[in-house]
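Structural overview for review
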Amino acid sequence: MLLSPAIVAQQAMNDSLLTSLQSHIKRDTARVNLLNHISRIYFTRDAVLAARYGEEALLISDSLKYTNGKIWALRNLALVENTKGHLDQQMQLTLNALKLAETTGDPYTLGVLNNDVGNIFTELNSPRDALVYLKTSLNIKLKRNEKTEIGKTLNNIGSAYISLRMHDSAMYFLQKAEKIKLELNDRRGLAYTYENMGIISMLQANYNEALRYHLLSFAYYKEADNLPGVVKASLNLAEVQTMLGDLKGAEKNLSNAQTLNDKLGNVKNEMIYYKIRYELDSARKDYAAAFNHYKEFSNRNIDFFNAEKGRQISRSEEKYESEKKQRENIALKKEQHMHLATIQQQRVLVLSAAALFLALLLITVMVYRLYKKQQELYLELNNKNREVSMQNRIILEQNATLENLNQVKDKIFSVISHDLRSPLAILEGLLFLLKDEKIDANQFRLYTDELWRDVKNTAYMMDNMLQWASNQMKGIGVKADDFDITLLLSREFDLLQTLARQKEVKLSHELNKSAMVYADPDMIRLVLRNLINNAIKFTPAGGEVLITAQFNKETAEITVKDNGTGIPLENQHRIFSNIYYSTTGTQNEKGCGLGLHLSKDFVERNNGQIWFNSMPGSGSSFSFTLPISEDHDINQRSYTMVVQDHPVSGVSVLRR
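This section reports on the structure supplied with the text. (Residues numbered from 1 in each chain as written. Predicted model: local features only at pLDDT ≥ 70, side-chain atom pairs only at ≥ 80, totals over all residues. Heavy atoms only, no water.)

**Quick word on the pairing of strand β6 (residues 610–615)**
This is how it is decided: Partly exposed describes any residue whose relative accessible area lies between the buried limit of under 20% and the exposed limit of over 50%, with all areas from a 1.4 Å probe on protein chains only and scaled to the type maximum. In this text, helices come from DSSP runs of H or I with a minimum length of four residues, and strands from runs of E with a minimum of two, each type numbered from the N-terminal end. Between any two strands, pairing holds if DSSP finds at least two bridges.
On β6, burial follows the alternation: Ile610, Phe612 and Ser614 on one face are buried, whereas Trp611, Asn613 and Met615 on the facing-out side are not. Remark: three residues form the turn of the hairpin made by β6 and strand β7 (residues 619–627), two consecutive strands paired antiparallel; Gly617 in that turn has positive phi of roughly 90°.

Below, the structure is given as structure tokens:
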């Protein structure tokens, strides 16, 4: 294979640098500079090797207290994280480098790092934050007339305006970047600019123009041996070729992108791959494959969204903590001022008392009056101190309430952003295919059972979440009454049987004809539903879930037993704790981690107890007790009723 002259020259320079590094074994600043130079070259070709050189440069710089070497080592390690799609780690490393650069005041370094931070904000979908750093970088570079660096930042400003959907502004800055890079023959830099121009053409549905730009971008990325760039260009080509109907070309570029990204491990590229794969399958009218690939894209998109949501929540928490400390500092300063005022008043009183003592014989009546006044002031000060203490207690209580509400808000956001989005995204994909007549009604029905189960599980999760949120924010009162728990169970049983039948799990119960208990029926309905639904969730096809009851003079004991997967020993301590614990079921059913916590709270509010026994691989049994109603006759004639569904036929059977 013939290599271009640019690649040959670059390879010769790389070999020369590696030879210099091997011959220079002394751990000094010269070795640090060599390591940083080589790490910067290799990050687009071999991220593992680039990271190794960057880490060595950072280690030596720390030992030598060599600030400049540490700055560039941190920057190189940040670029390595970018190739993997780890934007959070890249941002942290780059900000650390920028803080150090601000201590040195070197304008070149500050221009580069402000540009990097702006780039990361654009990738994090925060283009307005990005423009602040990018325009700072551009001003620094314009003052120094660094044309190569100016071209890079103009390109990145164009990227930010693309994210803002301001295509005219984006193209203005990209054309200025293109002009500079053409003058300098900066083919490596032109790859990024033509990629952005291709994206704008795609967004404007100008697919032939987009194809031209992406072909140029691909050629320049490949010439520079830029592996992350080649992956992005291959994905862009596959998408535009799909739109133009060149399905063979799209397949070739998509497969190439997947092979190369397996080496990179970039999670964002993987998400984009499944999006384009879904579009390609739809163009081929392979709607079953399109639906599966849409699910893969949706799941990865949700995970990417959650990461961003986590960052937003983290920033909100930091802001809340900062405001909280600020309020505490203000309160502390007020208290200090009050104490200083009190001390000043006491000093005045002492001086007054000394002066009055000297004139005691002459102004006895006046001293008496002043003494009374001092007593009144002392009482007033005590009252003020008590008021301050009371206000401090109120502030602490309000802070605790705010923190609790903040936790409730974060939990609700987490459930809504992840657990509720997933089934809605799948439903959206199916309805899209059905609406555009890309899937017929018979094919749609193949997915209805799975979709119904996901939606029903989501409804249960929503019920749990709303009950929990209400309980946390304003409390739920217990409305105890006498009721028949067998009758309550039978009302929930048909729906739960349907869930069990879909998983081919046998669901049955053995209860006496009448079992009167004294508790809140709505709370106990939720407890039963959660325990049975959990048992079905963690029981594979062919398994069994059984509900039994035992009675004595004071309590009824209800048990839900399954022969499913069981609970790992290391996680059993978390089941009823305040740590919200949730795992996926045997068919990837999801939960929000609130059901068992809420069940424990409701059982104990109704003067009962709840516990479980579980062995990994052998199943679990959850039991709880409730007070027996005064109307319950423990000696009444009883019989065993077993209602079950055959796991295949679904026929109900009654045994006595």
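**Observations concerning the nonpolar core**
Put simply, the rule is: Here, the term nonpolar core denotes a set of buried Ala, Val, Leu, Ile, Met, Phe, Trp, Tyr and Cys residues that are joined through side-chain atoms within 4.5 Å.
By size, the foremost hydrophobic cluster in this structure holds 68 residues, and its most contacted members are Ile38, Tyr42, Tyr53, Leu154, Ile157 and Tyr161. In terms of residue count, helix α3 (residues 47–64) provides more of this core than any other element does, eight residues in total. If you look at the next biggest cluster of nonpolar residues, it comprises 42 residues, including Ile485, Val545, Ile547 and Phe576.

**Notes on the packing of helix α9 (residues 167–184) against helix α10 (residues 187–203)**
As a reminder of what qualifies: Axis lines are fitted to C-alpha atoms, over the contacting stretch for helices. Their N-to-C directions set the angle, which ranges from 0 to 180 degrees. Should an angle fall under 35 degrees it is taken as roughly parallel, and over 145 as roughly antiparallel, whereas 65 to 115 is taken as roughly perpendicular and any remaining angle as oblique. Less than a right angle of anticlockwise turn of the near helix away from the far helix marks a crossing as left-handed, whereas a clockwise turn marks it as right-handed. The contact criterion used throughout is that any non-hydrogen atoms of two residues lie within 4.5 Å. Residue polarity follows a fixed list, in which Ala, Val, Leu, Ile, Met, Phe, Trp, Tyr, Cys and Pro are nonpolar, Asp, Glu, Lys and Arg are charged, and the others, Gly among them, are polar.
Running from N to C, α9 and α10 point in directions that differ by 155°, and their axes come no closer than 10 Å. On the basis of the axis angle, α9 is roughly antiparallel to α10. By crossing handedness, the relation of α9 to α10 is classed as left-handed. Across the interface between the two elements, His167, Ala170, Met171, Leu174, Gln175, Ala177, Glu178, Lys181 and Leu182 of α9 pack against Gly189, Leu190, Thr193, Tyr194, Asn196, Met197, Ile200 and Leu203 of α10. The residue inventory of the contact of α9 with α10, partitioned by class, reads ten nonpolar, five polar and two charged.

**Quick notes on the environment of Ser618**
Position of Ser618 among the secondary structure elements: in the loop between β6 and β7. We classify Ser618 as partly exposed; its relative accessible area is 47%. Residues Ser618 and Gly564, spaced 54 residues apart in sequence, show a C-alpha to C-alpha distance of 6.1 Å. Beyond its immediate sequence surroundings of up to four residues, Ser618 is in contact with Asp562, Asn563, Gly564 and Thr565.

**Points about the environment of Leu235**
In this structure, Leu235 sits in helix α12 (residues 227–244). For Leu235, a relative accessible area of 3% gives the class buried. Once you skip the residues sitting within four places of it in the chain, Leu235 turns out to touch Leu254, Ala257, Asn269, Ile272, Tyr273 and Ile276.

**Some details on the side chain of Thr109**
Put simply, the rule reads: Here a polar contact is recorded for every N or O atom pair within 3.5 Å, except that within protein the pair must consist of a potential hydrogen donor and a potential acceptor, and residues adjacent in sequence are included only if both atoms are side-chain atoms.
Within the fold, Thr109 resides in helix α6 (residues 107–123). Side-chain polar atoms of Thr109 contact the side chain of Asp106, separated by 2.4 Å. Excluding residues that lie within four positions of it along the chain, Thr109 makes contacts with Asn68, Ile71, Trp72 and Ala101.

**As for the packing of aromatic side chains**
Note the following rule: Any two of the Phe, Tyr and Trp rings considered here, Trp counted by its six-membered ring, make a pair once their centres fall within 6.5 Å; the pair's planes then place it as stacked at under 30 degrees, edge-to-face at over 60, or tilted in between.
Going through the model one piece at a time under the given rule, you end up with eleven aromatic pairs. Considering the side-chain rings of Tyr172 and Phe173, the 5.2 Å spacing of their centres and the 80° angle between planes classify their relative orientation as edge-to-face. Overall, Phe173 belongs to the buried group, its relative accessible area being 16%. Here the aromatic residues Tyr161, Tyr172 and Phe173 are joined through ring pairs into a cluster of three or more.

**Points about the side chain of Thr559**
Mapped onto the fold, Thr559 is located in strand β5 (residues 555–562). What makes Thr559 buried here is its relative accessible area of 13%. A distance of 2.8 Å separates the side chain of Thr559 from the side chain of Ser623, its partner in a polar contact. In contact with Thr559, not counting residues within four places along its chain, are Leu546, Ile547, Thr548, Ser621, Phe622 and Ser623.

**Here's the deal with helix α4 (residues 67–83)**
Where we set the bar: Helix span, as expected, comes to 1.5 Å for every residue beyond the first.
The terminal C-alpha atoms of α4 lie 25 Å apart, and with 17 residues this matches the ideal 24 Å at 1.5 Å per residue to within 8%. Here α4 lies mainly inside the structure; 13 of its 17 residues are buried. Immediately beyond the C-terminal end of α4, within one or two residues, lies Gly85, with a positive phi of roughly 80°.

**Quick word on the pattern of salt bridges**
Two side chains carrying opposite charge are able to pair once their charged atoms lie near each other. Just so we agree on the cut-off: A pair is scored as a salt bridge if a Lys or Arg side-chain nitrogen falls within 4 Å of a carboxyl oxygen belonging to Asp or Glu.
Following the criterion strictly, the structure yields 20 salt bridges and no others. In this structure, Glu544 engages Lys506 in a salt bridge whose closest nitrogen and oxygen atoms are separated by 3.6 Å. Here Glu544 is found in strand β4 (residues 544–551), whereas its partner Lys506 is found in strand β2 (residues 506–511), with 38 residues between them in sequence. The residue Lys600 makes a salt bridge to Glu604 at a minimum N-O spacing of 2.9 Å. Residue Lys600 and its partner Glu604 are located together in helix α22 (residues 595–605), separated by four residues, close to a single helical turn. Residue class for Glu604 comes out partly exposed when judged on its relative accessible area of 41%. When salt bridges that share partners are traced, they join Glu492, Asp522, Arg525 and Arg529 into one network.

**Thoughts on the pairing of β5**
Examined bridge by bridge, β4 and β5 share seven bridges and lie antiparallel to one another. Looking at the pairing, Leu546 lines up with Lys561 of β5. In this antiparallel pair of consecutive strands, β4 and β5, the connection spans three residues. Sheet analysis places β5 next to β7, joined by seven bridges and oriented antiparallel. Looking at β7, one finds that Glu557 is bridged to Thr625.

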